[in-house]
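Next come the chains, spelled out residue by residue.
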Amino acid sequence: MTESSDNAHRRVLIKLSGEALMGEDDYGINPDVIQNVAEEIKSMVDAGVQVAIVIGGGNIFRGAGLAANGINRVTGDHMGMLATVINALAIQDKLEQNGLFVRVMSAIKVHEVCEDYICRRAIRHLEKGRVVIFAAGTGNPFFTTDSAASLRAIEIRADLMIKATKVDGVYSADPMKDPDAKRYDQLSYDEALEKKLAVMDATAIVLCRDNNMPLRVLDMTEKGSMLRASLGENIGTLVH
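Quick caveat: nothing in here was measured; it's all calculated off a predicted structure.

Engineer: Outline the layout of surface pockets, listing residues and values.
Structural biologist: Its boundaries defined by the atoms lining it, the largest pocket holds a volume of some 920 Å³. As for the largest pocket, its lining consists of 44 residues, and the residues nearest its centre are Ser17, Glu19, Arg62, Asp146 and Lys163. Those elements giving two or more residues to the lining of the largest pocket turn out to be α2 (63-68), α3 (73-97), α5 (145-155), β6 (160-165) and β7 (170-171). Considering each element in turn, the lining of the largest pocket owes the most residues, five residues, to α3. In terms of residue class, the lining of the largest pocket is made up of 18 nonpolar, 15 polar and eleven charged. When its volume is computed, the second largest pocket comes out at roughly 300 Å³. For the second largest pocket, the lining is made up of 13 residues, of which Val33, Asn36, Met220, Thr221 and Glu222 are closest to its centre. Residues belonging to the lining of the second largest pocket are distributed by class as follows: four nonpolar, three polar and six charged.

Engineer: So what about the environment of Leu227? Which residues, and what values?
Structural biologist: Looking at where Leu227 falls in the secondary structure, it is placed in helix α8 (residues 225-230). Taking the C-alpha atoms as reference points, Leu227 and Val45, 182 residues apart in sequence, are found 9.1 Å from one another. The contacts of Leu227, once residues within four sequence positions are left out, are Glu40, Ser43, Met44 and Ala47.

Engineer: Any chance you could break down a negative patch on the surface for me, citing the residues and the numbers?
Structural biologist: A cluster of acidic residues, Glu24, Asp25, Asp26 and Asp32, forms a negative patch on the protein surface. Tracing the sequence through the fold places Asp25 in the loop between β1 (11-16) and α1 (31-46).

Engineer: Account for α3, naming residues and giving values.
Structural biologist: Taking 1.5 Å as the rise per residue, α3 with 25 residues should run 36 Å; its terminal C-alpha atoms sit 36 Å apart, in good agreement. Residue Asn72 occupies the N-cap position of α3, its side-chain oxygen lying 2.9 Å from the main-chain nitrogen of Val74.

Engineer: Provide a residue-level description of a nonpolar patch on the surface, including the pertinent values.
Structural biologist: Judged by side-chain polarity, Val74, Phe142 and Phe143 come together as a nonpolar surface patch covering roughly 290 Å² of accessible area. Among the secondary structure elements, Phe142 is positioned in the loop between β5 (131-135) and α5.

Engineer: Break down the pairing of β1 for me, with residues and values.
Structural biologist: In terms of residue burial, β1 counts as a mostly covered element, since six of its six residues are buried. Along β1, one buried face is formed by Arg11, Leu13 and Lys15 and the opposite face, lined by Val12, Ile14 and Leu16, is buried too. Note: β1 against strand β2 (residues 50-55), six bridges, orientation parallel. Residue Leu13 lies in a different strand from β2, and its bridge partner there is Ala52. Following the backbone out of β1, through α1 and into the adjacent parallel β2, one traces a crossover that is right-handed. Relative to β6, β1 runs parallel, the two sharing five bridges. If you follow Lys15 over to β6, its bridge partner there is Lys163.

Engineer: Can you break down α5 residue by residue, with the values?
Structural biologist: Within α5, eight of the eleven residues are buried, which leaves the element mostly enclosed by the surrounding structure. If you check which residues of α5 are buried, you get Thr145, Asp146, Ser147, Ala148, Ala149, Ser150, Arg152 and Ala153. Packed against the buried residues of α5 are β1, β2, α3, β5, β6 and α7 (202-210). Sitting at the amino-terminal end of α5 is Thr144, which places a side-chain oxygen 3.3 Å from the backbone nitrogen of Asp146. One or two positions beyond α5, positive phi appears at Arg157, with a value near 60°.

Engineer: Any details on the pattern of salt bridges? Residues and values, ideally.
Structural biologist: This model, assessed by the stated rule, comprises 15 salt bridges. Asp146 is the partner of Lys15 in a salt bridge, and the nearest nitrogen-oxygen pair spans 3.3 Å. Taken together, the positions of Lys15 in strand β1 and Asp146 in helix α5 put the pair 131 residues apart, joining distant regions of the chain. Of the two residues examined, Lys15 and Asp146, each falls in the buried class. In this structure, the salt-bridge partner of Lys109 is Asp116, at a minimum N-O distance of 3.3 Å. Members of the salt-bridge network, linked through shared partners, are Lys15, Asp146 and Lys163.

What counts and how
Residues numbered from 1 in each chain as written. Predicted model: local features only at pLDDT ≥ 70, side-chain atom pairs only at ≥ 80, totals over all residues. Heavy atoms only, no water. 1 Å grid on protein atoms, 1.4 Å probe; cavity = no way out; pocket = protein on both sides within 12 Å on 5 of 7 lines; lining within 4 Å. Points joined across faces, edges and corners; volume = space filled by probe spheres on them. Helix = DSSP H or I, 4+ residues; strand = E, 2+ residues; numbered from the N terminus. Nonpolar A, V, L, I, M, F, W, Y, C, P; charged D, E, K, R; others polar. Contact = heavy atoms within 4.5 Å. Patch = residues over 30% accessible without salt bridge, like charges linked within 9 Å, V, L, I, M, F, W, Y side chains within 5 Å. Areas by Shrake-Rupley, 256 points an atom, 1.4 Å probe, with all protein chains shown as cover. Salt bridge = Lys/Arg side-chain N within 4 Å of Asp/Glu carboxyl O. Lys, Arg positive; Asp, Glu negative; His and termini not counted. Charge placed at Lys NZ, Arg CZ, Asp CG, Glu CD. Expected span 1.5 Å × (residues − 1). Polar contact = N/O pair within 3.5 Å; in protein donor to acceptor, adjacent residues only side chain to side chain. Buried < 20%, exposed > 50% of the residue type's maximum accessible area, 1.4 Å probe, protein only. Pairing = 2+ DSSP bridges. Right-handed = clockwise from strand over helix to strand, strands pointing away.

Structure (structure tokens):
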């Protein structure tokens, strides 16, 4: 680590939503957003942090949304998994343009464009200083990329999972709609579940709880926020 901290984290998994990649656009991938993400991740790698990423696909397809409009849920979820591969390749390209070594690992077989997900291989990539992007969720329908992020963080033995969003933490209500919404500095897993707070889906939170995986929710648009969290700074909301 370039900055010393007793709370610094050696290995971090970042959960990025597909919607976050849209920026102010209505659809797709905003080049400025992925450039900002790339710069943030490069700062983490330069500080000695091992970085893994799980990416969603909601900017292109969301399985549950497709199912609500008449498409078979399993088919819709597989379409969503392929959308995450598209996003992963876009982030990989931008990270490589910023001088990083990157591997995309998919839970479904897409050999022409990325590797299969193998836990031991993923850890080896991280140990060699490569950024690893996990695509296609868990590879199973009915499981969100939030659940995939919790699962991968546990499997690679991450020290912290970061959920990078467009708000600076977890609130008691939607801060865009309720001016009296309270931001939490810390929450327990059970509090997040009992209060039905919009942190991650219940399966993802239970996975974190049962495996003692700390989760920090922060604003990805705040420059340096992910690096500061990785170095142990109390930023956003900690769920533990």
